[in-house]
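Given next are the chains, with one letter for each unit.
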Amino acid sequence: MSVNKRKRKNIVLLSMFAVTVILLVFCVVFAFKLGSLQSQIDDLKEARALKLQMEVASANAAVGQEETKVAQATDGQDGENEPSNSQNESSATAAPEQSTEPDEADVPEAEPTDTDGTRYVYLTFDDGPSKNTERILTILDQYNVKATFFVNGREDAVNMERYRKIADAGHTLAMHSYSHDYEKMYACMEAFVEDYERISALIESVTGERPTLYRFPGGSSNKLSVRKVSMTALADFLHGEGVEYFDWNVDTTDGEGPNRDPAVLISNVANSLKNEHNVILMHDAGDHDTTVDALPSIIQTCIDQGLTFSVISADTPAVHHTISD
Ligand SMILES: [Zn+2]
């Protein structure tokens, strides 16, 4: 081998060695860089996780505050909504605002009250007083529940005593017209007003206060052919007097005939207590003994369904049928 050839071989070997060393150094540097990059990524991840945790914690705190606010608001509404027997002038005149809602189903649902889930039931008796009034009062007393009596005008001594017993027991005396004579009281506005004044004065003579609740004979949705005056006009008149009218949304159907099968009345109630404010229609009348027979079971059904008993007052969301005029 010549000297030249050996020199060339050495140079090649040296170059290869140098390239290998450079590559090795490069690899080491690259590996080091990669390592530090990974740790930076880890740091970032950790920081992000911490931030998320803090966000969740503050969101939870906010939800907690909202819940407290909602709970406070609910408490406040409960206080306002607690149905009471006292019907003062201001709350009575405030009631007509609800009259613009003609749909029966809309009325109780539209009230943004009772977010705590309390559901109410109002026992109402039309057409009294009668020979059954005492029996009804005894049963109500046994269950310690109060009811609303939409009464007619009967000024004999026996019936005057019955009005007093109703009021003295803490039940509410409300108007159901003096005469309950469709042809007479619905003949014209003047006749209705005259009838209204008579029943209002009669109840005031018993309780010392003008009554503020009215139930139209036949209900506000009646389509009586003998009626010659518009129901809207009558409703407007009552609202002008500071009086609210109430229909019903649970019908025992005891009004469909005398002494109907009590089992039918009970099951009608049991299947209809679907509202937040359930107004049950019953009759206090001489030929409705089976309504009284059914009353304990009707009350027990309401208790079993977890309802709170109350009397209708100016604070009760109005239950209105659709007036057809
Ligand atoms: Zn009636």
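The coordinates are above.
Keep in mind the model is a prediction, meaning the values are calculated, not measured. (Residues numbered from 1 in each chain as written. Predicted model: local features only at pLDDT ≥ 70, side-chain atom pairs only at ≥ 80, totals over all residues.)

Caption draft 1: How the structure looks around the nonpolar core. Residues Y122, F149, A174, Y214 and I280 are the most contacted members of the largest nonpolar core, which totals 54 residues. Ranked by residue count, the leading element in this core is helix α10 (residues 289-304), at six residues. Setting aside residues up to four positions removed in sequence, Y122 forms contacts with T148, N278, V279, I280, S310, V311, I312 and T316. (Core = buried A, V, L, I, M, F, W, Y, C linked by C-beta atoms within 7 Å. Buried ≥ 20, exposed ≤ 12 C-beta atoms within 10 Å, placed from the backbone. Helix = DSSP H or I, 4+ residues; strand = E, 2+ residues; numbered from the N terminus. Contact = placed C-beta atoms within 7 Å.)

Caption draft 2: Examining helix α4 (residues 133-143) more closely. Taken together, the buried positions of α4 are occupied by T133, I136, L137 and L140. The arc that holds every buried residue of α4, seen down its axis, measures 100°, which confines them to one face. The exposed residues of α4 that point more than 90 degrees off its buried face are T138 and Q142. In this fold, the buried residues of α4 make contact with β1 (120-126), α5 (157-168) and α10. The positive-phi residue at the C-terminal boundary of α4 is N144, with phi of around 55°. (Arc of directions from axis to C-beta.)

Caption draft 3: Representation of the packing of α4 against α10 within the structure. Packing of α4 against α10 leaves a shortest axis separation of 10 Å and a crossing angle of 20°. It follows from the interaxial angle that α4 and α10 lie roughly parallel. Relative to α10, the crossing made by α4 is right-handed. Touching R135, I136, I139 and Y143 of α4 are V292, L295, P296 and I299, all from α10. (Axes fitted to C-alpha atoms, helices over the stretch in contact; angles between N-to-C directions. Parallel < 35°, antiparallel > 145°, perpendicular 65-115°, else oblique. Left-handed = near helix turned anticlockwise from the far one by under 90°.)

Caption draft 4: Quick look at the pairing of β1. With seven of seven residues buried, β1 lies mostly within the body of the structure. Where β1 lies against strand β7 (residues 277-283), seven bridges are found, and the strand directions are parallel. Residue T124 lies in a different strand from β7, and its bridge partner there is L281. Strand direction decides the pairing type here: β1 and strand β2 (residues 148-151), joined by three bridges, are parallel. By the bridge assignment, D126 is partnered in β2 with F150. Each parallel crossover has a hand, and the one from β1 via α4 to β2 is right-handed. (Pairing = 2+ DSSP bridges. Right-handed = clockwise from strand over helix to strand, strands pointing away.)

Caption draft 5: Inspection of the pairing of strand β3 (residues 172-175) at higher detail. Side-chain alternation along β3 places T172 and A174 on one buried face and L173 and M175 on a second face that is also buried. Where β2 and β3 come together, four bridges link them in parallel fashion. Bridged to V151 within β3 is M175.

Caption draft 6: Here's a closer look at the packing of helix α9 (residues 262-270) against α10. Axis separation between α9 and α10 bottoms out at 9 Å; the angle between their running directions is 30°. Classified by the angle their axes make, α9 and α10 are roughly parallel. Considering only the axes of α9 and α10, their crossing is right-handed. Contacts from P262, L265, I266, V269 and A270 of α9 reach α10 at T290, T291, D293, A294, S297, I298 and T301. In the contact of α9 with α10, the residues fall into seven nonpolar, four polar and one charged. (Nonpolar A, V, L, I, M, F, W, Y, C, P; charged D, E, K, R; others polar.)

Caption draft 7: Region of interest: the environment of H277. Tracing the sequence through the fold places H277 in strand β7. Along the sequence, H277 and V250 sit 27 residues apart, while their C-alpha atoms lie 9.9 Å from each other.

Caption draft 8: Main features of unusual backbone geometry. P129 follows G128 through a cis peptide bond whose omega is -5°. Position of P129 relative to the elements: it lies in the loop between β1 and α4. The phi angle at H180 is positive, at roughly 55°, despite the residue not being glycine. By C-beta crowding, H180 is classed as partly exposed, having 17 other C-beta atoms within 10 Å. Despite not being glycine, N259 shows a phi value in the positive range, around 45°.

All we've got here are geometric facts, nothing functional implied.
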